[in-house]
Amino acid sequence: MKIWDSLPKNQYLSLAPWAWVQLESADPPGPFPFVGGVAPEVVASLHEAHGLLSSAIDTAISDVFSKRAPLDDPDRQRRLEDAYAEVISARPYLQQHIRCGRKPDGTFQWEFPTDPTKSATVTNGGLRIFHSVKRQAISIGFGQRQLGPLVGKVLGFLDGTHQTDEINTVVATSGRDGERLLTRLIESLHQHECLVSSSTSSVRSRWFETLQDKDTVHLGHAALLYRQRDQVLLFDPWLLPWFAESSVPSLWGSLLPNPAAVFLTHDHDDHVDPRTLLHLPKDTPIIVPSRRDRRKLSYDYLSLLRELGFGRVIELAHGDSWVFEGGAVYSVPFYGEDPCDLEMPRNCYLIADRGYNVLVHADSGPTNSGKSALKDGVIQSLAQKHGPIPLVFASQQQLLEVRGHAAHAPLSHPGKWLDVGENGYLTNAYLADVCAAAQAKLFVSYATGGADWYPDHLSFMFSQRNPARTALLTAHWERPETLKELLVKQGCGYHYGHALDLFRRTTDGLVEPQTTGEALTPLSLYRLDHGDPPFMKASSRTIPSRYIDKDRL
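**Regarding the overall build of the protein chain**
Secondary structure assignment for the protein chain yields 16 helices and 27 strands. Computed over the C-alpha atoms, the radius of gyration of the protein chain is 25 Å, within 12% of the 24 Å expected from 2.2 N^0.38 for a compact globule of 553 residues. Projecting the C-alpha coordinates of the protein chain onto the three principal axes gives extents of approximately 80 × 60 × 50 Å. Nonlocal contacts in the protein chain, meaning residues at least 24 apart in sequence, comprise 72% of its contacts between residues at least 6 apart. For the protein chain, the accessible area works out to roughly 24300 Å², and carbon and sulfur atoms hold 49% of it. Taking the 55 positively charged and 64 negatively charged side chains of the protein chain as two groups, their mean positions are separated by 2 Å.

The following block contains the structure:
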């Protein structure tokens with residue numbers, strides 16, 4: 001029997017929120033698979049050179065921490081440079097891509113070729129299906145064919161808003177190789193109980209019943225949803241399948257209304273999440289930072305998103321806008337969180353919607369050289385041009401990292417690897433000044449977790465589940481309460497963002513944070529069309545107490 005005869009007719013089909021698909025590279029991915037402006041073989045050489053010195057760097061750091069070496073050693077940079085040159089000189093194959101050495105005047109030369117037409121990319125050779133409840137993983141190979149975009153397209157249709165026959169048509173019209181692979185994918189999803197169906201599709205209605213026009217909802221970490229009339233806009237969506245990283249049901253793609261557009265701020269994994277993007281509808285416009293704003297290198301959003309199946313990728317340079325009825329989303333320069341000073345293009349965004357403005361400031365902050373959106377007058381210009389910005393979303397993190405341990409250290413000058421580089425060091429005074437320039441009425445501290453379903457092993461994630469760990473990481477940070485006190489003096493409120501908090505403009509021009517209660521919890525959204533999940537029906541004794549809805553007992 002064909003798979004399409006086994007699936008329910010005239011029913012909306014979706015991927016179960018405890019199942020997901022990941023594409024897998026045909027070849028071992030390079031150290032930075034989507035860095036544009038430099039050839040992958042050059043990056044590989046830079047990465048190898050850094051790796052060969054990594055143990056020596058760790059020893060040098062240990063010497064400082066153990067007080068064997070002074071913190072401010074004037075000769076440290078020279079020793080690093082000479083060690084790097086020694087590594088390169090001993091390996092002719094690295095010399096093909098890296099030129100370095102001491103000049104007669106004592107200055108250190110370090111160069112590698114850049115090329116705006118080159119990029120390190122990934123071609124996927126297969127996929128893996130995960131079922132977190134059963135703890136199963138099912139692999140399917142592509143057989144040397146480039147089928148990743150077709151997989152992404154079909155996954156985008158499995159969002160609970162398309163019926164079986166429509167998905168069948170998508171598969172049947174994908175070409176001979178595509179149809180064979182996608183049919184096998186659907187068969188595997190069905191066989192391993194990764195698909196759910198329903199005669200209704202109610203998720204969008206629930207969201208629009210709960211949200212008013214111009215409301216913003218925090219989806220956790222840096223993910224935001226903004227309602228603009230009868231459409232929604234997503235910013236930096238980082239969604240998780242149920243039980244993938246946590247025992248708590250989480251927001252996943254089919255539990256959100258389909259977005260009119262998705263906006264990505266910068267290239268870090270918690271803001272550009274390939275797993276989330278793979279499962280979104282592929283006719284969605286994806287707005288990304290523009291290569292026009294790069295210094296030398298950039299993040300190759302186009303290669304990544306095309307491999308995931310997207311066909312409408314829009315690069316938005318600073319000052320440009322994505323227009324909608326009644327307003328636009330403007331690209332705003334993003335500063336800081338750049339411990340290696342690569343200055344790759346990044347965006348903040350201003351939502352300007354019929355006289356109401358929201359600033360998505362993300363992790364932006366001062367650079368190592370002291371530049372910032374405040375010093376360059378960016379925030380002041382926004383308020384002057386568009387009017388007061390009553391709602392500001394910004395990270396409150398204060399992280400500093402040694403450059404040599406940063407992800408992009410191989411692309412930075414080796415003599416500075418033991419310097420401290422700024423990585424989102426946002427002081428309370430700076431954030432208060434941002435809010436003053438914006439004429440904000442509410443500051444929302446976000447992008448540090450804010451949901452129980454996010455993993456807490458990352459240094460920028462804080463959870464109420466682990467107060468001692470949080471205290472260890474933030475022991476030398478400025479107290480959040482101090483920022484609250486500074487904001488109050490200028491007529492601005494403070495709110496620490498939790499997932500599913502809603503922010504609504506009031507008639508007196510303020511912004512009020514509200515809780516959405518049970519209306520938008522992942523479990524409630526799933527139950528709209530599917531009732532209790534199968535793992536809850538089996539035996540109530542196996543259900544963790546956090547899943548139990550007392551109103552249904």
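Having put the structure on the table, let's press on.
**Side note on the sheet that holds strand β16 (residues 313–316)**
On the basis of which strands lie adjacent, the open sheet formed by 8 strands has the order β16-β14-β13-β12-β11-β10-β26-β27 and mixed pairing. Every interior strand has two partners, whereas the edge strands, β16 and β27 (511–515), have only one. Mean inter-strand twist for the sheet, computed between neighbouring axes without regard to direction, equals 25 degrees.

**A word on the environment of His498**
Its location among the elements puts His498 in the loop between β25 (493–496) and β26 (501–505). It is 6.8 Å that separates the C-alpha atoms of His498 and His218, two residues lying 280 residues apart in sequence. Apart from the residues lying within four places of it in its own chain, the contact partners of His498 are His218, Gly450 and Gln464.

**Topic: the pairing of β27**
Consecutive side chains along a regular strand alternate between the two faces of the sheet. In this sheet, β27 lies alongside β26 in antiparallel orientation, the contact comprising 5 bridges. Note on β27: the bridge partner recorded for Leu502 is Gln514. Between β26 and β27, which pair antiparallel and follow one another directly, the connecting turn spans 5 residues, one of which, Gly509, has a positive phi of 90 degrees.

**What to know about the confidence of the model for the protein chain**
Model confidence for the protein chain is summarised by a mean pLDDT of 94, while 97% of its residues fall at 70 or above. Low pLDDT, under 50, characterises residues 539–553; the predicted model gives this stretch 16 contacts beyond four residues in sequence or across chains.

**Details of empty space enclosed by the protein**
A complete count under the given rule lists 3 cavities of 30 Å³ or more for this structure. The computed volume of the largest cavity comes to approximately 70 Å³. In this structure, the largest cavity is lined by Leu15, Leu155, Leu158, Asp159, Trp252, Gly253, Ser254 and His279. Its residues placed into classes, the lining of the largest cavity shows 4 nonpolar, 3 polar and 1 charged.

**Focus: the pattern of salt bridges**
A pair can form between side chains of opposite charge whenever their charged atoms are brought close. The full count for this structure, using the stated rule, is 23 salt bridges. Taking the shortest distance from any N to any O, the salt bridge between Lys134 and Glu193 comes out at 2.8 Å. Of this pair, Lys134 sits in the loop between β6 (124–131) and β7 (136–141) while Glu193 sits in the loop between α7 (176–191) and β9 (195–198), and the two are 59 residues apart along the sequence. With relative accessibility at 37%, the residue Lys134 sits in the partly exposed group. Residue class for Glu193 comes out partly exposed when judged on its relative accessible area of 49%. Of the charged contacts, one joins Asp213 and Arg354 as a salt bridge, the two residues approaching to 2.6 Å between their closest N and O atoms. Here the residue Asp213 occupies a position in the loop between α8 (203–210) and β10 (216–220), and Arg354 occupies one in the loop between β19 (347–353) and β20 (356–362), the gap between them amounting to 141 residues. Judged by its relative accessible area of 29%, Arg354 falls in the partly exposed class. Salt bridges sharing common partners tie together Glu81, Asp82 and Arg102.

**Quick look at the environment of Gln144**
Along the chain, Gln144 turns up in the loop between β7 and α5 (148–157). Under the relative-accessibility criterion, Gln144 is labelled exposed at 83%. Spatially, the C-alpha atoms of Gln144 and Ala26 are 8.2 Å apart, while their sequence positions differ by 118 residues.

**Quick notes on the nonpolar core**
Formed by 87 residues in total, the largest nonpolar core has its most connected members in Val151, Leu158, Leu189 and Trp207. The biggest single contributor to this core is α7, with 5 residues. Beyond its immediate chain neighbours, meaning those up to four positions away, Leu158 contacts Leu13, Ser14, Leu15, Ile167, Ile186, Leu189 and Leu195. Counting residues in hydrophobic clusters, the runner-up holds 56 residues, among them Phe263, Val360, Ala432 and Cys492.

**Observations regarding the sheet that holds β19**
Taken together, the 7 strands give an open sheet; going across it, the order is β17-β18-β19-β20-β21-β24-β25, and neighbouring strands pair in mixed fashion. Of all strands in the sheet, those bounded by a partner on one side alone are β17 (321–324) and β25. In this sheet, adjacent strand axes meet at a mean angle of 15 degrees when their direction is disregarded. Pairing of strand β18 (residues 327–333) with β19 involves 7 bridges; the strand directions are antiparallel. In the sheet register, Val332 faces β19, and the bridge partner there is Cys348.

**So, the packing of aromatic side chains**
Applying the stated criterion across every chain, the model contains 23 aromatic pairs. Judged by centre distance (5.9 Å) and plane angle (70 degrees), the ring pair of Trp242 and Phe243 falls under edge-to-face. You'll find Trp242 and Phe243 in the same group, each marked buried. A centroid spacing of 5.3 Å and a plane angle of 65 degrees characterise the contact between Phe263 and Tyr349, whose relative ring orientation is edge-to-face. Of this pair, Phe263 sits in strand β13 (residues 261–263) while Tyr349 sits in strand β19, and the two are 86 residues apart along the sequence. A cation sits over an aromatic face here: Arg275 above Trp20, 5.3 Å from the ring centre. Positioned above the aromatic ring of Phe310 is the side chain of Lys282, whose terminal nitrogen or guanidinium carbon lies 5.0 Å from the ring centre.

Reading the values: rules and limits
Residues numbered from 1 in each chain as written. Predicted model: local features only at pLDDT ≥ 70, side-chain atom pairs only at ≥ 80, totals over all residues. Heavy atoms only, no water. Helix = DSSP H or I, 4+ residues; strand = E, 2+ residues; numbered from the N terminus. Rg over C-alpha atoms; globule rule 2.2 N^0.38 Å. Contact = heavy atoms within 4.5 Å. Areas by Shrake-Rupley, 256 points an atom, 1.4 Å probe, with all protein chains shown as cover. Lys, Arg positive; Asp, Glu negative; His and termini not counted. Charge placed at Lys NZ, Arg CZ, Asp CG, Glu CD. Pairing = 2+ DSSP bridges. Axes fitted to C-alpha atoms, helices over the stretch in contact; angles between N-to-C directions. pLDDT = per-residue confidence, 0-100. 1 Å grid on protein atoms, 1.4 Å probe; cavity = no way out; pocket = protein on both sides within 12 Å on 5 of 7 lines; lining within 4 Å. Points joined across faces, edges and corners; volume = space filled by probe spheres on them. Nonpolar A, V, L, I, M, F, W, Y, C, P; charged D, E, K, R; others polar. Salt bridge = Lys/Arg side-chain N within 4 Å of Asp/Glu carboxyl O. Buried < 20%, exposed > 50% of the residue type's maximum accessible area, 1.4 Å probe, protein only. Core = buried A, V, L, I, M, F, W, Y, C linked by side-chain atoms within 4.5 Å. Phe/Tyr/Trp six-rings, centres within 6.5 Å; stacked < 30°, edge-to-face > 60°. Lys NZ or Arg CZ within 6 Å of the ring centre and 35° of its normal.

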